[in-house]
Amino acid sequence: MTRRSTSKRVAIVTATALVAVGTVAAGAAAAGPGWGEGKPGKKQIAALFDQWNRTLQTGDPEQVADLYASDAVLLPTVSNEVRADHAAIVDYFEHFLANKPVGKKIETHINVLDSNSVIDAGTYQFTLTDPETGEKSVVKARYTYAYEKRGGEWLIVNHHSSKMPEG
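All values derive from a computational prediction rather than experimental measurement.

Colleague: When you look at unusual backbone geometry in this model, what are you seeing that I'm missing?
Modeller: For residues other than glycine, phi is negative in most cases, and the peptide bonds are mostly trans. With a phi angle near 45 degrees, K100 is a residue other than glycine that sits in the positive phi range. Topologically, K100 is positioned in the loop between helix 4 (86-96) and strand 2 (102-114).

Colleague: Sorry, what's going on with the side chain of R83 here?
Modeller: Tracing the backbone through its elements, the reader meets R83 in the loop between strand 1 (68-75) and helix 4. The buried category is assigned to R83, whose relative accessible area is 5%. In terms of polar contacts, R83 uses its side chain to reach the backbone carbonyl oxygen of A88, at 3.1 Å. Within the local environment of R83, its side chain forms a polar contact with the side chain of D91, the two groups lying 2.8 Å apart.

Colleague: Whenever I open this one, the environment of N53 confuses me. Can you help?
Modeller: Note on placement: N53 falls in helix 2 (residues 42-56). On a C-alpha basis, the gap between N53 and K104 in space is 8.3 Å, while along the polypeptide they are 51 residues apart. Those residues within four positions of N53 in sequence are excluded, and the remaining contacts are V102 and G103.

Colleague: It is not clear to me how the pattern of salt bridges should be interpreted in this structure. Could you clarify?
Modeller: For side chains of opposite charge, pairing can occur when their charged atoms come near one another. Scanning the model with the defined rule gives five salt bridges in all. The salt bridge partner of E81 is R83, with a shortest N-O separation of 3.8 Å. Among the salt bridges present, the one from E148 reaches R150, with a minimum N-O distance of 3.0 Å. When its relative accessible area of 29% is taken as the criterion, R150 is described as partly exposed. One salt-bridge network, held together by shared partners, links D71, E148 and R150.

Colleague: I would appreciate a short explanation of the packing of aromatic side chains in the present structure.
Modeller: Two aromatic rings, taken as a pair, are described by how far apart their centres are and by the angle between their planes. If you walk through the whole model with that rule in mind, you get 16 aromatic pairs. A centroid spacing of 5.1 Å and a plane angle of 75 degrees characterise the contact between Y92 and F93, whose relative ring orientation is edge-to-face. Both residues of the pair, Y92 and F93, belong to the buried class. An aromatic cluster is defined as three or more aromatic residues linked by ring pairs; in this entry it consists of F49, W52, Y68, Y92, F93, F96, Y124, F126, Y143, Y145 and Y147.

Colleague: Help me out: how do you make sense of the sheet that holds strand 1 in this one?
Modeller: Two modes of strand pairing occur in sheets, parallel and antiparallel, and in both the strands are linked by backbone hydrogen bonds. What the five strands build is an open sheet, ordered 1-5-4-3-2; its pairing is mixed. Unpaired on one side and paired on the other, strand 1 and strand 2 mark the two borders of the sheet. This sheet shows a mean twist of 20 degrees between the axes of neighbouring strands, independent of strand direction. Two elements, strand 4 (residues 136-150) and strand 5 (residues 153-163), share 10 bridges in a ladder whose sense is antiparallel. Among the inter-strand pairings, R142 is bridged to a residue of strand 5, identified as S162. Relative to strand 2, helix 2 is tilted by about 140 degrees, and along the sheet it contacts strand 1, strand 2, strand 3 (117-129), strand 4 and strand 5. Packed on one face of the sheet, helix 4 meets strand 1 and strand 3 and runs near 55 degrees to strand 1.

Parameters and conventions
Residues numbered from 1 in each chain as written. Predicted model: local features only at pLDDT ≥ 70, side-chain atom pairs only at ≥ 80, totals over all residues. Heavy atoms only, no water. Helix = DSSP H or I, 4+ residues; strand = E, 2+ residues; numbered from the N terminus. Buried < 20%, exposed > 50% of the residue type's maximum accessible area, 1.4 Å probe, protein only. Polar contact = N/O pair within 3.5 Å; in protein donor to acceptor, adjacent residues only side chain to side chain. Contact = heavy atoms within 4.5 Å. Salt bridge = Lys/Arg side-chain N within 4 Å of Asp/Glu carboxyl O. Phe/Tyr/Trp six-rings, centres within 6.5 Å; stacked < 30°, edge-to-face > 60°. Pairing = 2+ DSSP bridges. Axes fitted to C-alpha atoms, helices over the stretch in contact; angles between N-to-C directions.

If you want it as structure tokens, here you go:
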């Protein structure tokens, strides 16, 4: 083997290694700050509810619905209708947001299933303001959020919320 062919091989191996390192670095950056490629932490998942609750404060039902996957199912707190598409989820939030809801988790249990699937279940409460009288009320409920990471973004794929039973 000549010195020239050895140099070419070294150059090819070096270039291949640089491409591989660059690809890994780009993939890690695309996953989002602090999220990486592995399983998310419970604090990161808890922050998804905080994002959802802040989005409620915008009063924009489209922004809230955008946190849900296109095939998500919403079983809402103050409606008997199952919402199984984007338009139906927007419709629910158009009515719910009129009460200026402010959510607060009371108890939460987060199960990280894998790097792309998480369940967050527990209890929460909403302070609602009657749009006509301004009177405030509190609704306590049980909840379950199922999240999936799709296209690098965490989306709600199933959200069940029901008022606490009397008793």
